[in-house]
Each structure stands twice: as C-alpha cells, then as structure tokens.
Amino acid sequence: MKAVDLTTRIKGLTFKNPVTVASGTFGTTGEYAGFVDYKKLGAIITKTITIKPRAGNPMPRICETAGGMLNAIGLQNKGLDDFIEHKIPYYAKIATPLIVNIAGESEGDFAKLTRALQKYPRVVKAIELNLSCPNVEKGGAGFMKKRKLMKAAVRAARAETDRLLIAKLSPELGDVLEIAGEVIDAGADALSLINTLKGMAINIETRRSRIANITGGLSGPAIKPVALRYVYEVKKNYAVPVIAAGGIMTARDALEFIIAGADLLAVGTANFINPRATLDILEGITGYCRQHGIRRIQELRGSFRHV
Amino acid sequence: MKRVDETVTIQENSRINGKYYKLVFKSGRLARGVQAGQFLHVQIRPEAVDPFLRRPFSYYRIQKDRIEVLYEVLGRGTELLAELGSGSRLKIMGPLGKAFTRKVKGRKRVLVAGGVGVPPLVFLAEKNPVDYLLIGTKSKAEVLPKNELSKVSAKILHATNDGSYGTRGFVTALLEKIIQKEGAERLYIQTCGPTPMMNAVMDIARREGIPGEASMEESMACGVGACLGCMVKTPQGWVASCIEGPVFPFNDLVRTCA
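Residues numbered from 1 in each chain as written. Chains lettered and ligands numbered in written order. Predicted model: local features only at pLDDT ≥ 70, side-chain atom pairs only at ≥ 80, totals over all residues.

1. A short note on the overall build of chain A
When helices and strands are tallied, chain A shows nine helices and 16 strands. Taken over C-alpha atoms, the radius of gyration comes to 18 Å for chain A, in line with the 19 Å a tight globule of 307 residues would show. The long-range fraction of contacts in chain A, counting pairs at least 24 apart against all pairs at least 6 apart in sequence, stands at 73%. (Helix = DSSP H or I, 4+ residues; strand = E, 2+ residues; numbered from the N terminus. Rg over C-alpha atoms; globule rule 2.2 N^0.38 Å. Contact = placed C-beta atoms within 7 Å.)

So this is what it looks like as structure tokens:
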C-alpha cells in the first residue's frame, strides 16, 4: 500500500498529520497514555492555562444532551508556574508539536502568558488564544467590551512572539466573519473554529439547571453542522489557516471539515467517549485517501464543489 | 494496572429483583487485578450517539474472566442498557479508579451500603475480612436475593424504609447501634450509596471520630481525568473522582451539600 502524505504546514511549522485535540478535552499530562501514542498525533493542544491557578466552577459541571454535552468547568487549572515547572518537562519528551492554549482577563494577561511561554521554543510551538470561553464571566463585561478585549489580546500576544498565534473564536461574540477579520488584522496567524456554543438544560423535577453555572458550553455532534458552516465561510473569505473543532467524532466528520478547507482537525468531546478517537480518525482519513486515490491530503483540502 | 477499552459480548442481562439488573460478560483484560471500588466505563450503544456519554458502573463480582455488574435503571442510559439481550455488544473501558482499602488493622470493619452502593461493598465483603455489612433499601422488594449474599461471611443487617425487611428506618440507625455495641474507637467504616446516605454516615463518623472511606458518585464524561467534570471537593480543591477516587478517605472530603 502506498503511503498517503498527510503533512500539513502552517506558518513554517510542519505537522505530520492534521489530527490534533481540542483544548480541554485531552487532559494535561498523559491522561490518554495507554490508549493513544501521543507521538502519532499531528499536534497536541493543551487545556487552557491562566496566570494564576483557577479552582473551577461548582458541581455539577457537565450534563448529557441530545447528541452532545454541556460543560461549565470554569477553566480549572494550576496556573502558569505549575505549567512551566511540570507540564513543559513532560511535553519536552514528546516530539509532537505542542500548542498551548491560554486565557486572561486583560490584554496584559495574554501578553504575560505569551512572553513566559515563548521562552520554551523547543516545546511550545504555537499559542492558541482562548477568546471565547462561555463559562467565565468577568463582571458581566458587555458585548462590545469583549470584542475590544479580544482584539487587544491578539495584539498584545502578537507583540510578544513570532511563533504561530491562533485565535479561538466563538459565534457568541458576534458575526464570525467580522470577528475573523478583526483578529487577523490584529495579528492572528490562524483561527480555531469553533469553541462551544452556550446552552442550558433544566431538570424538570427540581426545576434547576443541570449545570451549577446555569449555562454551559454545548459540544459534540449537535454543533458539527454549525462548526462546518463557519469553517467553510471563513475559508471562503480569508486566506487563513483554520483549526476546525466541533463534533468531530469519526473520520467522516473530519473529512467534511477537510473538504470545507480545514487545515487541522481538533478532536474534542469524542475523546471522552472513545479514548482512541484521534487515532481512529487518523486511520479513517488515510483509508479514505487510499480508496479515492488521493496521495496528498492537500489535494483534498478545500476541494468542496459548489455545483 | 493497565486500562483497556474493548468490545465485549453480553452473556446475561436480566432483572434479578425489584431493583437490580445483572449484567454478565467475559473479558480477561477487564477482570485482571481488579479490586472492589473500581469501575467500568460503558458505552451502551457503541455505534450510536444516544446515549451520548459512557456510563460508569462498579464491578460487582469477578470469577476468572467472568465479570458481573449490578445496576439500577435510573435514566436514559440504563433504560437502554436494560433492553439489550445476550449477544449484544458493549464497549467497555476499565479497570478505572481507586479501590477501597483492603487491609484494615486493629479495627472492626463496617460497610454501609445503599442503592447502587450495594454491589461494590458486597464485592469488598466477599473478598476481604469484614465484620458488618449494613444494607439500606426502601422495601423488601429491593433486597438482594439471599444467594447473592451467600459468599459474604460478615454479619449482614438490613434496614428498610417501610420495615418490610430487617429493621424499619434508615441504615444509619443500624450504624449507631453498632457504634454503641462495639465502641467508636474500634471501628472503621466504608460506605457507598446515595449522597444523602453517605453524608449522614460521614456526619456520624466525624462526630464519633471513626475513620473510613466513601465512594463518591458524580456525573462523569471521560473517566480518565481529562474533562474535570466529575469533581469532588477536598481540602486541596476540586479533584477528579474518576482518577483520584471514586473512593476517598473521609478526611479528604469536604461536605458540599446539606
């Protein structure tokens, strides 16, 4: 059997295949070891880190919904210092490119995190800016204020690093095409589309929300058509690399995103159900390419036919 | 202990009394080295998205590569599981989580069980020296058939809410009697069951200064410590019950609800 060339390049970085994991769905240090050989992944995207540790939200934090789940974890993480002390040495042993996802409350936070992380060029290959977590409200910041912060955060991070800078977006902040244009202008090299969509579920016996935070981020197959539409529209309008996320459960899902133009595929919630989802998807993509005589994934990427 | 994820074929899946269903399948890898308190993470319909998430179940009994699980039908997932017949396939991850302490020195061991907490504590009592097994249920129809308890050497006491079997009232009343009889300083408690029951047990244990462990139950997604959904509050903050638990020493738990 002929090998299929799955190599994907973004801003001088080479990924041996397009399969990665969505932030917050793959743990921090080897939770999936034994199920997945991390070296086989195209890239690893970490759970969001913040400057200071965050305790996270009260319970319950998750609930199942039709074809998906809601979560309101609240960016629980041990903070930047712990990441540098414990996680960087762990990932230094894995050759797979690491993309570190960061979040902050101000552009200063994004700058500080980026500055600290870019001191580890052998490990941290890219920074993903979480500009769209639906479960963290800072004093009820208004819509326009959030948009302003978003642009300022991208500019602040850009000023600190030449490395691949990815902005993770959500339709919650307004028209995605408009936001995409704004963050590209502010200096983002690539976009992650999409973060979870804010939703809720009510227990009719207690009349309370099934999530302590009341609302949570919806993920899973339920949001895939929405994510696919945004990836398609953004790729149609901008020459920008896109990391697609949103309900990628199988190779078929992944292939739809590739045909729509996605550069990388972030497998998220699927990991929770099938710990080997990433590698199953990778094998499925390879199988499809062989069946269809596709030698390079690049031939398939963005090959959507309008008629 | 190596965690595995494999497809198994159901051998038996049927109702055994007014409360529990028994699921039986074979898997050498899922049975190897398992201790009471650990759990399996089951994808009930492997090719479907309904139910979407896996469901965690305690191990109940292991005989070589034969694994038994007792479950209650409590929601959409277990309703669908109960419909499956022998020959149906499940995807199962395991063994997951931390087990109950097996060796307790210098103290008499009391197990306090209710509802879905009965199976792992029967497992513990079958495999280890245990002095008392206290089981709380609503009524006689929910009490495990005698043959299911025949391998337990501990003294078994039942409490039912309606008094139709054993003592009338809550299982905690049985615990209070044993404390009076044996003395708190001579006891060690291990508990698993509905949260209000475990909270009541832990309140008594704290009042009396009795050490022990509780197996916590939270909604769970990944089962491997990645999603941070199944959190339990400890003095050090929220920790994932799927990897740090589900069994925790009483001292590691902070009461979070009334």
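2. Remarks on the pairing of strand S6 (residues 66-72) of chain B
The side chains of a regular strand alternate, residue by residue, between the two faces of the sheet. Residues and elements named next belong to chain B. Of the pairings in the sheet, the one linking strand S2 (residues 20-26) to S6 comprises seven bridges and is antiparallel in character. Looking at S6, one finds that tyrosine 20 is bridged to glutamate 72. In the sheet, strand S5 (residues 61-63) pairs with S6 via three bridges, with the strands oriented antiparallel. Residue glutamine 63 lies in a different strand from S6, and its bridge partner there is arginine 66. Hairpin connection between S5 and S6: a loop of two residues separates the two successive antiparallel strands, and lysine 64 in this loop has a positive phi of roughly 55 degrees. (Pairing = 2+ DSSP bridges.)

3. Observations concerning unusual backbone geometry
Residue A:Ile194 is bonded to the preceding A:Leu193 through a cis peptide linkage, with omega at 5 degrees. The omega torsion across B:Gly94 and B:Pro95 is -15 degrees, close enough to zero to call that bond cis. Its place among the elements puts B:Pro95 in strand S7 (residues 89-96). In this structure, A:Lys11 is a non-glycine residue whose phi angle is positive, near 45 degrees. With respect to the secondary-structure elements, A:Lys11 resides in the loop between strand S1 (8-10) and strand S2 (13-15). The phi dihedral of A:Ile214 falls on the positive side, at around 70 degrees, and the residue is not glycine. For A:Ile214, a count of 11 C-beta atoms within 10 Å corresponds to the exposed category. (Buried ≥ 20, exposed ≤ 12 C-beta atoms within 10 Å, placed from the backbone.)

4. So, the sheet that holds strand S4 (residues 44-45) of chain A
All names here are of chain A. Spatially, eight strands are ordered S3-S16-S15-S10-S9-S8-S7-S4 in an open sheet, and the strand pairing comes out parallel. Looking at the sheet topology across the chains shown, the edges are occupied by strand S3 (19-21) and S4. The pairing of strand S15 (residues 242-245) with strand S16 (residues 264-267) spans three bridges and is parallel. Bridged to isoleucine 243 within S16 is leucine 264.

5. A closer look at the domain arrangement of chain B
Residues and elements named next belong to chain B. Domain boundaries in chain B define domain 1 (4-96), domain 2 (108-215) and domain 3 (216-258). One C-alpha centre belongs to domain 1, the other to domain 2; they are set 24 Å apart. Residue-level contacts link 12 residues of domain 1 with 13 residues of domain 2. Classifying every residue of the side of domain 1 that touches domain 2 gives five nonpolar, four polar and three charged. (Domains from an automatic or database assignment. Nonpolar A, V, L, I, M, F, W, Y, C, P; charged D, E, K, R; others polar.)

6. Comments concerning helix H3 (residues 118-127) of chain B
Across the 10 residues of H3(B), eight count as buried, placing the element largely inside the fold. For H3(B), the complete set of buried residues consists of B:Val118, B:Pro119, B:Pro120, B:Leu121, B:Val122, B:Phe123, B:Leu124 and B:Ala125.

7. Brief notes about helix H4 (residues 171-182) of chain B
The periodicity of an α-helix, 3.6 residues per turn, causes residues three or four places apart in sequence to face the same way. All names here are of chain B. The terminal C-alpha atoms of H4, which comprises 12 residues, lie 17 Å apart, in line with the 16 Å expected from a rise of 1.5 Å per residue. Where H4 is concerned, the buried positions are Val171, Thr172, Leu174, Leu175, Ile178 and Ile179. Taken down its axis, H4 places every buried residue within 150 degrees of arc, on the same side. Summarising the geometry of H4, the exposed residues directed more than 90 degrees from the buried face are Glu176, Gln180 and Lys181. Looking one or two residues beyond H4, the residue adopting positive phi is glycine 183, at roughly 90 degrees. (Expected span 1.5 Å × (residues − 1). Arc of directions from axis to C-beta.)

8. Observations regarding the nonpolar core
Ranked by size, the top nonpolar core spans 170 residues in total, and within it A:Ile166, A:Leu191, A:Leu193, A:Val231, A:Ala244, B:Leu111 and B:Leu134 carry the most contacts. Contacts of A:Val231, omitting those with residues within four sequence positions, involve A:Leu193, A:Val242, A:Ala244, A:Phe257, A:Ala260, A:Gly261 and A:Ala262. (Core = buried A, V, L, I, M, F, W, Y, C linked by C-beta atoms within 7 Å.)

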